[in-house]
Amino acid sequence: KAGVTQTPRYLIKTRGQQVTLSCSPISGHRSVSWYQQTPGQGLQFLFEYFSETQRNKGNFPGRFSGRQFSNSRSEMNVSTLELGDSALYLCASRTSGGEVEQFFGPGTRLTVL
Amino acid sequence: GQQVMQIPQYQHVQEGEDFTTYCNSSTTLSNIQWYKQRPGGHPVFLIQLVKSGEVKKQKRLTFQFGEAKKNSSLHITATQTTDVGTYFCAGSSNTGKLIFGQGTTLQVKP
């Protein structure tokens, strides 16, 4: 079974721009979560989607948004990029709300200049 | 808001020595998960603990969940160079959100 895939793997943007990151979960997995990882703040939960509905949301500003499609693929969008948004963005999938183990993708490394 | 503190931040050990990382939550947790992230890699799920006082073992790794369900530990016996990486705990409250600790980075000298 293929693992979680994320595209693109690397991205360079400038302040004020917006960015869309994509995540394809493991086949059969309906839950997708997004995390931001930085050296200073560590791993921080952004949001979780299950069956196209946002089920949980972390403490991030409204510039961060996401969505999930009927095939469980998910996208996250960051608008009006700031320098502090530079981070590794990880997505993780699991089979359902009851299943514990989540599988992380390789991440998208976003650099904001 | 809910916080999960993890100590130590870094640990350097000689191969063969033991290693322990500790996790403390400001609130009672529904469960706690542990992850390992190798340098340049992504987090990999290790285990979940749910019950008060629960102890689980995976080969040389021993995971404990405190009686009050507010703290947890991961102990590695006789470390090997393959144990190198950052170990994260992640606590879940009844809201379902996962709050990660800052991680403990383990270096093992051969």
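Relevant structure appears above.
Below, the structure is looked at part by part. (Residues numbered from 1 in each chain as written. Chains lettered and ligands numbered in written order. Predicted model: local features only at pLDDT ≥ 70, side-chain atom pairs only at ≥ 80, totals over all residues. Heavy atoms only, no water.)

Here we look at the overall build of chain B
Then step 1. When you go through chain B residue by residue, the secondary structure sums to 0 helices and 11 strands.
Then step 2. A compact globule built from 110 residues should have a C-alpha radius of gyration of about 13 Å, and chain B, at 13 Å, falls within 12% of that.
Then step 3. Across the 110 residues in chain B, those meeting the buried criterion constitute 47%.
Then step 4. Considering only contacts in chain B between residues 6 or more positions apart, those separated by 24 or more positions represent 54%.
Then step 5. When the accessible surface of chain B is split by element, carbon and sulfur atoms take 50% of a total near 5,400 Å².
Then step 6. Taken together, the 11 basic and 6 acidic charged side chains of chain B have centroids lying 9 Å from each other. (Helix = DSSP H or I, 4+ residues; strand = E, 2+ residues; numbered from the N terminus. Rg over C-alpha atoms; globule rule 2.2 N^0.38 Å. Buried < 20%, exposed > 50% of the residue type's maximum accessible area, 1.4 Å probe, protein only. Contact = heavy atoms within 4.5 Å. Areas by Shrake-Rupley, 256 points an atom, 1.4 Å probe, with all protein chains shown as cover. Lys, Arg positive; Asp, Glu negative; His and termini not counted. Charge placed at Lys NZ, Arg CZ, Asp CG, Glu CD.)

A closer look at the state of the cysteines
Then step 1. Scanning the entire structure with this criterion turns up 2 disulfides over all chains.
Then step 2. The disulfide partner of A:Cys23 is A:Cys91, and the gap between their sulfur atoms is 1.7 Å. With A:Cys23 in strand β3 (residues 19–24) and A:Cys91 in strand β9 (residues 87–94), the pair connects residues that are 68 residues apart, well separated along the chain.
Then step 3. The class for A:Cys23 is buried, based on a relative accessible area of 0%.
Then step 4. Two residues, B:Cys23 and B:Cys89, share a disulfide whose sulfurs are 1.7 Å apart. When the S-S torsion is 55 degrees, as for the bridge of B:Cys23 with B:Cys89, the disulfide is right-handed. Of the two residues, B:Cys23 sits in strand β3 (residues 19–25) while B:Cys89 sits in strand β9 (residues 85–92), which places them 66 residues apart along the sequence.
Then step 5. Of the residues examined, B:Cys89 reaches a relative accessible area of 0% and is grouped as buried. (Disulfide = S-S within 2.5 Å.)

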